[in-house]
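Examining the three-dimensional arrangement
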Amino acid sequence: MSENIEENKYVQAEISVTEHSYLMLGSIVSNQIEKGKTEEAGYKFRWFIPAMAFSVFQLESVTNSFGYSLFDHWEDYESLPIKNKVRIISDRLNIDVQNFSVEPWQIIHSMVKFRNDLVHLKPKRIIETQTLRKMENGKLLGALYPNTKEKRSPVHKYSLEEAEKFKFAVDCIERIWSHACWQLNPPKHPLYTQMLTITEK
């Protein structure tokens, strides 16, 4: 075969592939949880709060990846609240979310509340009753700084258990939807539809 290829044998082609960010977000969640496990007490929130936040981001990404694979015009639904999108996709796959009353669907309530509390975090005044010594001049002595740890906003109710619960919910929903998508004919799984596409221009 000649090593010289005629110029007219070359054509312009468009090469495309779809990447799904939820896989990347999932790895961030796992990393944050593992870091939190080894952090000293009192500082674990620096890892668990980001892990929980990225689980919420990942759930959004999962719904969009599956949504675009299952619907021709997912952009019409993309801005809906997360529970609405989860219900739409589940209905399309004939999966009953049971009104978000059982796991893993039930955990979405906590995820949405956590996300809203974090995004709309407000100052909080903490009031505590203490017994103080009153001096003759009317001054009060012995006041201690209020105990804030027991009265923090819901955002601060972090823990390894909560972070792992959020991760479990996203992983479980992705597996449930994945199984259902592979049963469709043809399969509609995002990782199936991301295959390389080559189109001659």
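Everything below is about the structure printed above this text.
Cut-off values and rules
- Residues numbered from 1 in each chain as written.
- Predicted model: local features only at pLDDT ≥ 70, side-chain atom pairs only at ≥ 80, totals over all residues.
- Heavy atoms only, no water.
- Helix = DSSP H or I, 4+ residues; strand = E, 2+ residues; numbered from the N terminus.
- Contact = heavy atoms within 4.5 Å.
- Areas by Shrake-Rupley, 256 points an atom, 1.4 Å probe, with all protein chains shown as cover.
- Axes fitted to C-alpha atoms, helices over the stretch in contact; angles between N-to-C directions.
- Parallel < 35°, antiparallel > 145°, perpendicular 65-115°, else oblique.
- Left-handed = near helix turned anticlockwise from the far one by under 90°.
- Nonpolar A, V, L, I, M, F, W, Y, C, P; charged D, E, K, R; others polar.
- Salt bridge = Lys/Arg side-chain N within 4 Å of Asp/Glu carboxyl O.
- Buried < 20%, exposed > 50% of the residue type's maximum accessible area, 1.4 Å probe, protein only.
- Phe/Tyr/Trp six-rings, centres within 6.5 Å; stacked < 30°, edge-to-face > 60°.
- Lys NZ or Arg CZ within 6 Å of the ring centre and 35° of its normal.

1. A short note on the overall build of the protein chain
- Regarding its fold elements, the protein chain presents 6 helices and 4 strands.
- Reading the protein chain from its N terminus to its C terminus gives the helix and strand order β-α-α-α-α-β-β-α-α-β.
- When contacts within the protein chain are restricted to residue pairs at least 6 apart in sequence, those whose partners lie at least 24 apart make up 62%.
- Accessible surface for the protein chain amounts to roughly 14,000 Å². Of this, 52% is attributable to carbon and sulfur atoms.

2. Topic: the packing of helix H1 (residues 22–38) against helix H2 (residues 45–70)
- Following both chains from N to C, one finds H1 and H2 inclined at 165°, their axes separated by 8 Å at the closest point. Relative to H2, the element H1 is oriented roughly antiparallel. As H1 runs across H2, the sense of the crossing is left-handed.
- Residues belonging to the contact of H1 with H2 are distributed by class as follows: 13 nonpolar, 7 polar and 3 charged.

3. Some remarks on the pattern of salt bridges
- In this structure the tally under the stated criterion is 7 salt bridges.
- Residues Glu 164 and Lys 37 are paired through a salt bridge, measuring 3.7 Å at the closest nitrogen-oxygen approach. Taken together, the residues Glu 164 in helix H5 (residues 160–182) and Lys 37 in helix H1 connect sequence positions 127 residues apart.
- Relative accessible area serves as the criterion here: at 36%, Glu 164 is assigned to the partly exposed category.

4. Describing the packing of aromatic side chains
- Here the structure, examined in full by the defined rule, presents 8 aromatic pairs.
- Pairing Phe 114 with Phe 166 gives two aromatic rings, centres 5.8 Å apart and planes at 80°, and the pair type is edge-to-face. Taken as a pair, Phe 114 in helix H4 (residues 107–119) and Phe 166 in helix H5 lie far apart in primary sequence, 52 residues in all.
- For Phe 114, a relative accessible area of 6% puts it in the buried group.
- Accessibility expressed as a relative area gives 1% for Phe 166, which makes it buried.
- The rings of Tyr 22, Phe 66 and Trp 177 are connected pair by pair, giving a single aromatic cluster.
- A cation over an aromatic ring shows up here: Lys 83 above the ring of Phe 100, its NZ or CZ 5.9 Å from the ring centre.

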